[in-house]
Amino acid sequence: MGLKKVEDRPTPKEVYNARIYVMACVAATAAIMIGYDSAFIGTTIALSSFKKEFNLATKTATQFANISANIVSTYQGGCFFGALLGYPTGQLLGRKMGLLLSALVFCLGSGIMLAADSARGLGPIYGGRILAGLGIGAASNLTPLYISEIAPPAIRGQLVGMYEIGWQIGGIVGFWINYGINLHIAPSHKQWIIPFAVQLVPGGLFAIGIPIFIRESPRWLITRGRREEAIANLSYMRKLDANHPYLIEEVNMIDIQIQHDITAVGNGFWAPFKQVFTQWRLAKRLLIVTSLFIFQNGTGINAINYYSPTIFKSIGITGTSTSLFTTGIFGVIKTVGALIWAFLIIDRFGRRGVLLVGSIGGAVGMAAIGAYIKIEQPAKHPSATLPPSGAAALFFFYLWTIFYAVSWNGTPWVVCSETFPGAVRTVTQMCAAASNWLWNFVISRATPTMFLKMQNGGVYFFFMTMMVLSVPFIVFLLPETKNIPLEEMDRLFAPGINRWNANKIVMAELQRERENAGAPTYIHQDKENGTQQRFEDTEKASV
């Protein structure tokens, strides 16, 4: 029931084949690298062996907070600029080559980090994290873009959701690896360097998997004039013959959209920029969807990801092993929630509804935690065991995790990857990725200071407020994008259309148009022979 597909047109069962899932999974390996970093870095910094190696145990609370923020945020800074570089890479070299280059740059940066020790100091970690961030930033731009371009509409949300699943797989490994080494490896250089070295595993798999499993986006190939290669790739992806009516229709839809985009936008590297930033209707749409990352980071997720030991200490959980174990449970819940979101929620219940549920439920969880800290003040009354009120706060923390995991965790990426026409999608996806990393950077820089300055649960009340503010934003500005073909997204944001009912209105219009025209209605153009042939003729010939 949860896996029921709502199709924009009759679709052969062959279209939903293993090949398309494999390509999406390989591309989403980039997210494993992102998820792993977000999970392992904060818990690694908290290890006594890391503090001893770099003489951090002698620092004041403010000094250690600044150093921690520097270590974490250099990566986000690199990611921000990498996301911007993803545009020229994907536009000029293609999605496949762009992903491969991002994997290689990430591996280089990860290798540089391993040179850090007490003699060299933190320099290699800072430099390596900036370089690794450049690679990840570009991949965070290109991966959702690539997947959305190759995905059939009915499972587009599910396939783009693979990106989020990869993020959670990396996160759960990152959360548990430090718990394991804290238990089984004595404090030493080896103890803290292992989590850094493990980054090379997903990075290497990503770099190896791209040339073996990934095929270039047919949409990009057609824009570059490589039509035969595009049709061959699409035929492989859909597992259909090049002359199959469904494939011919899809190629024609791409042709029509590209011709429309060229007419509307023009050719050239800077043409999409000009179109987006000089057309208020597109600029406004871009502002709406990229603002989702303000609210995503405003939920508190990256404060928890990067500084989980600090988070759990504020609730009253003491001891390194206990804190790491509690963090591991958080990672498990988040991963399970991401799987449920991808396979049972996003393409069944849509985008907007799950964001609203996540905001309301998450706000309740954050309010409960903040109230507990304000009333009980566990930091001022440390205890070897968690009192009942503390256990209740931990319950609400995990409840918040569930609400977040099935809503804000991956939905903003899906919305941003599918909201714009192909001619400007590379630019808008670049802006979406850059927005994510910008606000990620802001939170990673601010969190240590926030916990020093905002006492008595203030940090949690701040996150609660951000989630409450997201509700009217979603209700009044964000239309539902579920099941709408990429080529028809402009209709959702047409002037005067009711945002709340826009999806139903557009889907009804598409259905009426198909019924009135008699499907399939597109004309297949044989560009080599200069002939035109309707699908009805193609189908008769095949019979």
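Refer to the structure above for everything that follows.
The shown structure was predicted, so the numbers you read here are calculated from the model rather than taken from an experiment.

Caption draft 1: Region of interest: a nonpolar patch on the surface. On the surface, Leu-92, Leu-93, Met-97, Leu-101 and Leu-104 cluster together to form a nonpolar patch covering roughly 430 Å² of accessible area. The element contributing the most residues to the nonpolar patch is helix H5 (residues 95-113), with three residues. As for its placement among the helices and strands, Leu-92 is situated in helix H4 (residues 61-92).

Caption draft 2: A look at the environment of Val-354. If you trace the backbone, Val-354 turns up in helix H19 (residues 352-376). Along the chain, Val-354 and Leu-100 lie 254 residues apart, while their C-alpha atoms are 33 Å from each other. Those residues in contact with Val-354, other than ones at most four positions away along the chain, are Ile-345, Phe-349, Val-406, Ser-407 and Thr-411.

Caption draft 3: Highlighting helix H8 (residues 189-198). Among the residues of H8, those classed as buried are Gln-191, Trp-192, Ile-193, Pro-195 and Phe-196. Of the surrounding secondary structure, the elements contacted by the buried residues of H8 are helix H2 (29-45), helix H3 (48-53), H5, helix H6 (123-150) and helix H7 (156-184).

Caption draft 4: Spatial organisation of the nonpolar core. In this structure, Phe-50, Ile-125, Trp-192, Phe-330 and Phe-397 are the most contacted members of the largest nonpolar core, which totals 132 residues. With 12 residues, the top contributor of residues to this core is helix H22 (residues 422-453). Residue contacts for Ile-125: discarding those within four places in its chain leaves Phe-50, Phe-54, Ile-71, Met-113, Ala-116, Trp-192 and Phe-196. Counting residues in each nonpolar core, the second largest holds eight residues, with Leu-492, Ile-497, Val-506 and Leu-510 among its members.

Caption draft 5: Structural context of the packing of helix H1 (residues 18-27) against helix H11 (residues 227-238). H11 packs onto H1 with a crossing angle of 105 degrees between their chain directions and a minimal axis gap of 6 Å. Taken together, the axes of H1 and H11 are roughly perpendicular relative to one another. Two secondary-structure elements touch here, H1 through Arg-19, Ile-20 and Met-23 and H11 through Tyr-236, Met-237 and Arg-238. When grouped by side-chain class, the residues that make up the contact of H1 with H11 number four nonpolar, no polar and two charged.

Caption draft 6: Representation of the pattern of salt bridges. In this structure the tally under the stated criterion is 13 salt bridges. Residue Glu-149 is joined to Arg-95 by a salt bridge in which the shortest nitrogen-to-oxygen separation is 2.7 Å. With Glu-149 in helix H6 and Arg-95 in helix H5, this residue pair connects regions lying 54 residues apart in the sequence. As far as burial versus exposure is concerned, Glu-149 and Arg-95 are alike and both buried. Through salt bridges that share partners, Glu-488, Arg-491, Glu-509 and Glu-513 make up one connected network.

Caption draft 7: Looking closely at unusual backbone geometry. The backbone of Asn-55 sits at a positive phi, close to 55 degrees, despite the residue not being glycine. Tracing the backbone shows Asn-55 in the loop between H3 and H4. We classify Asn-55 as partly exposed; its relative accessible area is 46%. Positive phi, normally seen in glycine, also occurs at Lys-239, with a value near 60 degrees. Here Lys-239 lies in the loop between H11 and helix H12 (245-265). For Lys-239, a relative accessible area of 47% translates into the label partly exposed.

Caption draft 8: How the structure looks around the side chain of Ser-140. Turning to its location among the elements, Ser-140 is positioned in helix H6. Non-local contacts of Ser-140, meaning those with residues more than four positions away in its chain, are made with Ile-34, Tyr-163, Trp-413, Gln-429, Ala-433 and Trp-437.

Caption draft 9: Representation of the packing of aromatic side chains in the model. Taken as a whole and assessed by the stated rule, the structure comprises 32 aromatic pairs. Between the aromatic rings of Tyr-36 and Phe-40, the centroid separation amounts to 4.9 Å while the plane-to-plane angle is 20 degrees, which identifies the pairing as stacked. Highlighted residues: Tyr-36 and Phe-40, both in helix H2, separated by four residues, approximately one helical turn. Ring pairing ties together the aromatic residues Phe-175, Phe-312, Phe-330, Phe-397, Tyr-398, Trp-400 and Tyr-404, which thus form one cluster.

Caption draft 10: Here's a closer look at the environment of Ser-217. Among the secondary structure elements, Ser-217 is positioned in the loop between helix H9 (200-213) and helix H10 (218-223). Using a relative accessible area of 0% as the deciding quantity, one classes Ser-217 as buried. A C-alpha to C-alpha distance of 7.9 Å links Ser-217 and Gly-94, two positions 123 residues apart in sequence. The contacts of Ser-217, once residues within four sequence positions are left out, are Arg-95, Tyr-146, Glu-149 and Ile-150.

The rules behind these values
Residues numbered from 1 in each chain as written. Predicted model: local features only at pLDDT ≥ 70, side-chain atom pairs only at ≥ 80, totals over all residues. Heavy atoms only, no water. Patch = residues over 30% accessible without salt bridge, like charges linked within 9 Å, V, L, I, M, F, W, Y side chains within 5 Å. Areas by Shrake-Rupley, 256 points an atom, 1.4 Å probe, with all protein chains shown as cover. Salt bridge = Lys/Arg side-chain N within 4 Å of Asp/Glu carboxyl O. Helix = DSSP H or I, 4+ residues; strand = E, 2+ residues; numbered from the N terminus. Contact = heavy atoms within 4.5 Å. Buried < 20%, exposed > 50% of the residue type's maximum accessible area, 1.4 Å probe, protein only. Core = buried A, V, L, I, M, F, W, Y, C linked by side-chain atoms within 4.5 Å. Axes fitted to C-alpha atoms, helices over the stretch in contact; angles between N-to-C directions. Parallel < 35°, antiparallel > 145°, perpendicular 65-115°, else oblique. Nonpolar A, V, L, I, M, F, W, Y, C, P; charged D, E, K, R; others polar. Phe/Tyr/Trp six-rings, centres within 6.5 Å; stacked < 30°, edge-to-face > 60°.

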